[in-house]
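# Structural overview
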Amino acid sequence: MAEFNVTSEVSLAILQAFRAALCEPEEVTVNFSGGLTQECWAVTRANGDYRVIYLPLAGYFSLCVESVFGPLDIGVHGHAIGCFSSV
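Heads up: these notes are all about the structure in this document. Residue numbers restart at each chain and count upward from 1, following the sequence in its written direction. The predicted origin of the model limits local features to residues at a pLDDT of at least 70 and limits the giving and counting of side-chain atom pairs to 80 or more, whereas totals for whole chains, interfaces and linings rest on all residues. Heavy atoms throughout the structure, all of them, feed into the side-chain values; hydrogens and water do not.

## Structural notes on the overall build of the protein
- Working definition: helices are DSSP H or I runs of at least four residues, strands are E runs of at least two. Numbering for both runs from the N terminus. Across its full length, the protein carries 2 helices and 5 strands.
- Helices (α) and strands (β) of the protein occur, in sequence order from the N terminus, as α-β-β-β-β-β-α.
- We compute the radius of gyration from the C-alpha atoms alone; for a globule the expected value is 2.2 Å times N to the 0.38, where N is the number of residues. Radius of gyration (C-alpha) of the protein: 13 Å, near the 12 Å computed for a compact globule of 87 residues.
- For the protein, the spread of C-alpha atoms along the three principal axes comes to 40 × 25 × 20 Å.
- By residue count, 31% of the 87 residues in the protein fall in the buried class.
- Contact definition: two residues touch when any of their heavy atoms are within 4.5 Å. Of all intrachain contacts in the protein linking residues separated by at least 6 positions in sequence, the fraction that spans at least 24 positions is 23%.
- Residue-level accessible areas treat just the shown protein chains as cover; the underlying method is Shrake-Rupley with a 1.4 Å probe. A total of about 5,300 Å² of accessible surface is found on the protein, and carbon and sulfur atoms cover 56% of it. Only protein chains enter the accessibility calculation, which uses a 1.4 Å probe. A residue is then buried if its area is under 20% of the maximum for its type, exposed if over 50%, and partly exposed in between.

## A word on the nonpolar core
- Leu15, Phe18, Ala21, Val43, Val52, Leu63, Ala80, Ile81, Cys83 and Phe84 form the largest nonpolar core, which has 10 residues in total.
- Contributions of two or more residues to this core are made by helix H1 (9–21) and helix H2 (80–84).
- The element contributing the most residues to this core is H2, with 4 residues.
- Not counting residues within four places of it along the chain, the set of residues in contact with Val52 comprises Trp41, Ala42, Val43, Thr44, Phe61, Ser62, Leu63, Ala80, Cys83 and Phe84.
- As used here, the term nonpolar core means buried Ala, Val, Leu, Ile, Met, Phe, Trp, Tyr and Cys residues forming a set that is joined through side-chain atoms within 4.5 Å. Counting residues in hydrophobic clusters, the runner-up holds 8 residues, among them Val30, Phe32, Cys40 and Ala42.

## A short note on H1
- Expected span of a helix, by definition, is 1.5 Å for each gap between consecutive residues, and there is one gap fewer than residues. Spanning 13 residues, H1 covers 18 Å between terminal C-alpha atoms, matching the ideal 18 Å at 1.5 Å per step.
- Looking at H1, one finds that the buried residues are Ser11, Leu15, Phe18 and Ala21. End-on, the buried residues of H1 take up no more than an arc of 130°, which puts them together on one face. Exposed residues on H1 whose side chains face more than 90 degrees from its buried face are Glu9 and Ala20.
- The inward-facing, buried residues of H1 contact strand E1 (22–31), strand E2 (37–44) and H2. Each C-beta atom gives one direction from the helix axis, and the arc is the one those directions make.

Below is the structure:
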């Protein structure tokens, strides 16, 4: 969050919404295309159908969609706030 550049009212609102969505990291099994799964860490509560997950093996964050099978990686990767604000 310290590296997020707040340059406008919009970016300030994104930062505030991200802070409000944060949760204690929770271990979750993330589903990837091809039937692969990986143990990762949810860092935000579900925001509608989405939540931000940390992928420890990759070293970055992912925006995942909630499904009946658990979080599903949808290919949006990078910094946590960037993933969060892409919805």
